[in-house]
Amino acid sequence: MNDPVLLNDWHPVAAAAELAPGALVATRLFDRELVLWRGQDGVMRAWADRCPHRGTRLSIGKIENDELICAYHGWRFAGSGLCTHFPALPELKPPAHACAAAYRVEEHYGLVWVCVGEPRSGVLPFPEYHNSGLRKVLCGPYQVAASGPRIVENFLDMAHFPFVHAGILGEQPKNAVCDYKVGPFDDGAGGTGVLATECFFWQPQTNSLAHGGANVEYTYRVVRPLTAILTKVPENQGGFHEAISLHVQPVGEEASIVWIVLAMTNFEQSDAELRAFQDRIFLQDKPIVENQVPLRLPLAQGAELPIRSDRMSVAYRAYLREQGLRYGVI
């Protein structure tokens, strides 16, 4: 994998709630196998899922006395990654190079984030998550046989609502996409992206509770190459406001895991009900992006035929070109 843009960025790899002390969680990022675990001190570790001795996956081992024990020969690894004991040679002190390959790891927004390179900035900001007036629910993971950029671009697209999400996010014949504004976005934390404002669209169901239909104003912001956040405000509904963030875990160039974080004003329904609604929406999108050809997003101008309503998509592709993205694109 030779893409410094993504190698030096943070990516979600698991739900933080999965990492109870003593649990080992196997995951993948850029075709790399990782093992995640949390020590008794609450600190998370993200290591290559491979014992340096004979290559056995560490994720099939166990945690004992705050050390990870390889299932094959019992090598013990401290939280630092250093091997502390060779059972076959108990008198030998393990050398410094007998260690697990460790990556930077942090916890934000209910997710575990890993950077396999040198992070250029912190984990992306998502200020709505810190709004105590909004309820937070983590949705996913969704396995998708498509590249991350294809998935993000679909998230930014309104014109498909009446066809893919008929009766929920759109309905025919109300297909027209009103003109909207697109410009650069600065997150104030070292990251840049794309911002679309004044995006209006008719929705028969403005959220999992509201029926009857209304014009909804969307704001879309791309804050990292594989993350997009939308906020929406239906007209004449007393300032109703919520945010939905989409984060792609790039498993491979044509394989992704998607995590969605909701920041909602809906406190009436259970987490399961909110997830079921989001599942319904996303699983309508999944076969669409899995049947786009090619699965990687074409960045060359003229590769596909955009029209005026695709202004945000055009800006997103230009942003990826400016960033120098190589992974998951053509």
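Preceding block: the structure.
Residues numbered from 1 in each chain as written. Predicted model: local features only at pLDDT ≥ 70, side-chain atom pairs only at ≥ 80, totals over all residues. Heavy atoms only, no water.

Comments concerning the overall build of the protein
In step 1: A tally of regular secondary structure across the protein gives 5 helices and 17 strands.
In step 2: For 330 residues, the compact-globule estimate of 2.2 N^0.38 gives 20 Å, and the protein sits close to it at 22 Å.
In step 3: By its C-alpha atoms, the protein is 75 × 45 × 35 Å across when sized along the principal axes.
In step 4: Counting all 330 residues of the protein, 52% fall into the buried class. (Helix = DSSP H or I, 4+ residues; strand = E, 2+ residues; numbered from the N terminus. Rg over C-alpha atoms; globule rule 2.2 N^0.38 Å. Buried < 20%, exposed > 50% of the residue type's maximum accessible area, 1.4 Å probe, protein only.)

Description of unusual backbone geometry
In step 1: Put simply, glutamine 172 and proline 173 share a cis peptide bond, and its omega is 10 degrees.
In step 2: Structurally, proline 173 is set in the loop between α3 (161-164) and β12 (181-186).
In step 3: Following valine 293, the chain continues to proline 294 via a peptide bond in cis, the omega torsion being -5 degrees.
In step 4: Here proline 294 shows up in the loop between α4 (271-289) and α5 (311-323).
In step 5: Here the phi dihedral of aspartate 66 falls at roughly 65 degrees; this positive angle occurs in a residue that is not glycine.
In step 6: Note that aspartate 66 resides in the loop between β5 (62-64) and β6 (67-69).
In step 7: For tyrosine 109, which is not a glycine, the phi torsion comes out positive at approximately 60 degrees.
In step 8: Tracing the chain through its elements places tyrosine 109 in the loop between β9 (102-108) and β10 (111-115).
In step 9: Look at tyrosine 109 and you get buried, because its relative accessible area is 8%.

Details of the nonpolar core
In step 1: Counting 67 residues, the largest nonpolar core has Val114 and Tyr220 as its most contacted members.
In step 2: Excluding its chain neighbours within four sequence positions, the residues that come into contact with valine 114 are Asp9, Trp10, His11, Val13, Leu29, Leu34, Leu36, Ala46, Tyr103, Arg104 and Val105.
In step 3: Counting 20 residues, the second-largest nonpolar core is a separate cluster that includes Trp113, Val223, Ile257 and Trp259. (Core = buried A, V, L, I, M, F, W, Y, C linked by side-chain atoms within 4.5 Å. Contact = heavy atoms within 4.5 Å.)

Thoughts on the sheet that holds strand β7 (residues 76-77)
In step 1: Reading across from one edge, β5-β6-β7-β8 is the order of the 4 strands in this open sheet, with antiparallel pairing throughout. Strands at the two margins of the open sheet, each flanked by one partner only, are β5 and β8 (83-85).
In step 2: Pairing geometry for β5 and β6, over 3 bridges, is antiparallel. Looking at β6, one finds that isoleucine 63 is bridged to leucine 68. (Pairing = 2+ DSSP bridges.)

Observations concerning the packing of aromatic side chains
In step 1: Tallied over the entire structure, the rule returns 14 aromatic pairs.
In step 2: Their ring planes at 90 degrees and their centres at 5.3 Å tell us that phenylalanine 30 and tyrosine 327 sit as a pair that is edge-to-face. On the criterion of sequence distance, the pair formed by phenylalanine 30 in the loop between β2 (24-29) and β3 (32-38) and tyrosine 327 in the segment after α5 is long-range, its members being 297 residues apart.
In step 3: Taking relative accessible area as the criterion, phenylalanine 30 reaches 3% and is therefore assigned buried.
In step 4: Note on tyrosine 327: relative accessible area 7%, which makes it buried.
In step 5: Considering the side-chain rings of tryptophan 47 and phenylalanine 77, the 6.3 Å spacing of their centres and the 70 degrees angle between planes classify their relative orientation as edge-to-face. On the criterion of sequence distance, the pair formed by tryptophan 47 in strand β4 (residues 44-48) and phenylalanine 77 in strand β7 is long-range, its members being 30 residues apart. (Phe/Tyr/Trp six-rings, centres within 6.5 Å; stacked < 30°, edge-to-face > 60°.)

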